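# Notes for the structure review
Here are the chains, one letter per residue:
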Amino acid sequence: MMQQYMEVKNQYKDCILFYRLGDFYEMFFDDALTASKVLEITLTGRDCGQPERAPMCGVPYHACDVYLNKLIENGFKVAICEQVEDPKLAKGIVKREVIRVVTPGTNMSNAILDETRNNYLMSIVENDGAFGISLVDITTGEFKTARVPSLSKLTDEINKYSPAEIIGNHSFMNCDLDFIYLREKMKISISEAPEHYFNQMLCEDAIMRQFGVNNMDGLGLKDFPDCILSSGVLLQYLHETQKNSLAHINHIVLYSIDDFMILDSATRRNLELCETLRDKQKRGSLLWVLDKTKTAMGARMLRSMIEQPLIYKKDIEARLDAVDQLNNDMINRDEMREYLNPIYDLERLMTRISLRSANPRDMIAFKTSLSYLPYIRQLLQIYPDGLLADIYEKMDELQDIYDLLERSINDDPPILIREGGIFKDGYLEEIDTLKSAKTDGKTWLAELEEREKQKTGIKNLRIKFNKVFGYYFEVTNSYKDLVPEYFIRKQTLANSERYTTEELDNLASSILGSEDKLYALEYETYVALRDKIAGEILRVQNTARQIALLDCLCSLSYVASANQFVRPEINEDGVIDIKEGRHPVVEKMMNNGMFISNDTYLNNFESRISIITGPNMAGKSTYMRQTALIVLMAQIGSFVPAASANIGICDRIFTRVGASDDLASGQSTFMVEMSEVANILRNATKNSLLILDEIGRGTSTYDGLSIAWAVVEYISNSELLGAKTLFATHYHELTELEGKLSSVNNYCIAVKEDGDDIVFLRKIVKGGADRSYGIQVAKLAGVPDIVINRANEICNQLIDTDITTKLKDIKITNDFHKSASDTQMSFLANPEESAILEEIKNADLSNMTPMKALLYLNELQERIR
Ligand SMILES: Nc1ncnc2c1ncn2[C@@H]1O[C@H](COP(=O)(O)OP(=O)(O)OP(=O)(O)O)[C@@H](O)[C@H]1O
């Protein structure tokens, strides 16, 4: 047996091998050492013909899911090796084979999969700096592929799909991705696929067989050799691990990454699209606000809509039109939502049916779901055109499948399919006959019991049944003396004896015979019924998609009406004009109607860049994120939190917000900040929206200020970049750019001074702020008075020193100018210069606040320069 074990293990070296032995899956050697630690189970040993016993541990067959899932969650692959012949018939050692390899990307256990998100397995093939990527969710059958031209875009795609597992070619495994981050932070299991998978012919063959075509042309893949490789590799991996037909994977989608808004990984995190930055929770994210879907399919689709906003006006408006139509008749919409509510996960149910793993209870869930389809379709009738009318057309009520299930399966069937009780009366005559033989048998037994009771005088004589002895008479010890001779003893217990008779034996064999036949027939009939439904997979998958889309649109509509969102207008002229915009999540979290709305206006000309100043805590970040989120929501096809909004389509949104402390290990905060800035400046286009929050704050003041300044100059230059930008900063010097660059405008978030304190007004107004009120905010945060007072003291000192230095600088310049004019250098003796010199001499700083004085001196210095 150990020899057989070793042979199997040798083929699955990278997996933990679950080796079936009776009622257990056993693990040996290193597998046992690892698994016993991860699963916290006892490590034992077994003789293996060697001087040392083999380390061994095991998990019970019936409860293996829990252990299996734990190993998968910890990133291991598990090969399940079963007995594939009846041990009673085996000559010598029982034949065993690996029937399935479970990996993070191919796991189908409901226990660990989140039904509201896809579980993707991704394959990546690197070729000369570009990549072919393919993705499959084997729980739903979704399969897609794309060509990705660069490493940074590959990172975006990985972030978008957040796969559970990646397999790649050798050069992908050696590319410059941050594998530590992917493995440790994103918990992706990454491995190199076997080299022999990467054969063009084998790959094409696998694709043709899976999708039923004769060449790559039919799938549109002919010009995408990288995609052929990645898809072929993925399919070979699936066949190797699943050993199953995988008929539910029947459709391949070739998509272009340029068909959707590009969001880099930092932006996805910063905008908290599907989870919060800090604690990775759904609550507090945009998804949390927008997801009021009723079905698991809808929830998955909505998540992917948020992950990939649209960029074509026509597509965006189609969704907005549908949301509008739903909003116009909310009673109809809410009724549809009620019918959507009890619909189970048709996609995953259908996959189980197709993989022959659906049990009779799954069938009832399936039938119940189908029962609502006609009602939904009826309600959809009122929509004359657009996406909703489309759904009506494409949706199949699947009435025939419903009827079949309604006629056949019991309403409360067993989970197991080998013990009968599955079918309704009247579905199949033979089943009915066997069933009645079984019921008649029960009557016959009752009659026999009564007869023997009378004959023998044993008052408590009972006929009982167990799996080992079958049917028997049970006689308690007090009646032992009355037992007649024709009773044949079967077993003696402490308080009773068990007997049989010839008549009971005959009756039992006829009952058990018909029972066995019944179970076998029910099993066969069930398998055939399931196969028949599996044959309808395309119709069911298509309807499931329509239901998912309807659910998403209803959710968007419901959220819009519940939160007073408005329909955005969509333009292609680059104007972003939001009136009274609100932050969808902050507003919802506050839940008290106290959120202060603000306007945003940006265009491709004189209002390309807004420099936003204002005290700490004033609401700068909230304002900027709100603008980004409103644009993004509009491009998802959602209504937006504003009084009105006209949104120019953006091809990308980039954000550089705060310190992303959870980014790549081994990089300083400033390094991370600058890498993000570099990424933005290199990849943004004129049609992008940039949200830049305190660029440069991670280094010394002057370095930071200079970088920030140069960045704004670069962005504002339409020949270099020219993207629409919101730029929040505490460097008030940047407000000087307003006069210097035609596309820059200053805004600040207003506060009111109230003695030593400040009141946050949260309103954005034109103009620049002159103070940061950092110390006041520190006081509000509860920093001890002693520190606050000292900080005030130091701050005043610093400002004084700064002013003195500045004055000294100016004096030097002044002296230089004087000496220049003394030596009659004509080019310096122009009237403007003399005026400045005069002004400096007469400047009275005593009436100004220190900050005003500084700004004033800065300005003079600049003018002299
Ligand atoms: N428009 C608003 N209406 C009501 N409350 C708001 C508004 N904007 C922001 N807030 C509240 O103020 C808090 C601080 O806002 P935010 O973080 O945007 O300030 P900030 O100016 O970016 O601060 P810092 O400069 O310190 O980063 C938010 O958490 C939010 O609760």
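Residues numbered from 1 in each chain as written. Predicted model: local features only at pLDDT ≥ 70, side-chain atom pairs only at ≥ 80, totals over all residues. Heavy atoms only, no water.

## Observations regarding the side chain of S557
Structurally, S557 is set in helix α21 (residues 537–562). A polar contact is formed between the side chain of S557 and the side chain of N327, at a distance of 2.5 Å. For S557, the contacting residues outside a window of four places in its chain are V323, L326, N327 and R333. (Helix = DSSP H or I, 4+ residues; strand = E, 2+ residues; numbered from the N terminus. Polar contact = N/O pair within 3.5 Å; in protein donor to acceptor, adjacent residues only side chain to side chain. Contact = heavy atoms within 4.5 Å.)

## Structural notes on the confidence of the model for the protein chain
Mean pLDDT over the protein chain stands at 87; residues scoring 70 or higher make up 91%. This stretch, residues 661–665, has a pLDDT under 50; its non-local contacts, to residues over four places away or in other chains, come to 11 contacts. The low-confidence segment residues 823–828 (pLDDT under 50) makes five contacts with residues lying over four places distant or belonging to another chain. Two summary scores accompany this predicted model of the complex, namely pTM at 0.82 and ipTM at 0.98. (pLDDT = per-residue confidence, 0-100.)

## Concerning the side chain of N603
Position of N603 relative to the elements: it lies in the loop between β20 (598–602) and β21 (609–613). A relative accessible area of 4% means that N603 is categorised as buried. In terms of polar contacts, N603 uses its side chain to reach the side chain of Y601, at 3.4 Å. A distance of 2.8 Å separates the side chain of N603 from the backbone nitrogen of F605, its partner in a polar contact. Aside from chain neighbours lying at most four places away, what touches N603 is G574, V575, R608 and K724. (Buried < 20%, exposed > 50% of the residue type's maximum accessible area, 1.4 Å probe, protein only.)

## Remarks on the sheet that holds strand β13 (residues 262–263)
If you trace the seven strands from one edge of the open sheet to the other, you get β13-β23-β24-β25-β21-β26-β27, paired in mixed fashion. In the strand order of this sheet, the two ends are held by β13 and β27 (757–766), each with one partner. Two elements, β21 and strand β25 (residues 724–728), share four bridges in a ladder whose sense is parallel. The partner of I611 across the bridge, within β25, is F727. Docked against the sheet, helix α23 (residues 620–636) engages β13, β21, β23 (652–656), β24 (689–693), β25, β26 (744–754) and β27, running at close to 160° with respect to β24. (Pairing = 2+ DSSP bridges. Axes fitted to C-alpha atoms, helices over the stretch in contact; angles between N-to-C directions.)

## Some remarks on the state of the cysteines
For the coordinates displayed, the defined rule picks out zero disulfides. C81 provides the cysteine sulfur closest to C15, a residue in no disulfide bond, and the two sulfurs are 12 Å apart. A relative accessible area of 5% places C15 in the buried class. With no disulfide of its own, C554 lies 9.4 Å from the sulfur of C552, the closest cysteine sulfur. The class for C554 is buried, based on a relative accessible area of 0%. (Disulfide = S-S within 2.5 Å.)

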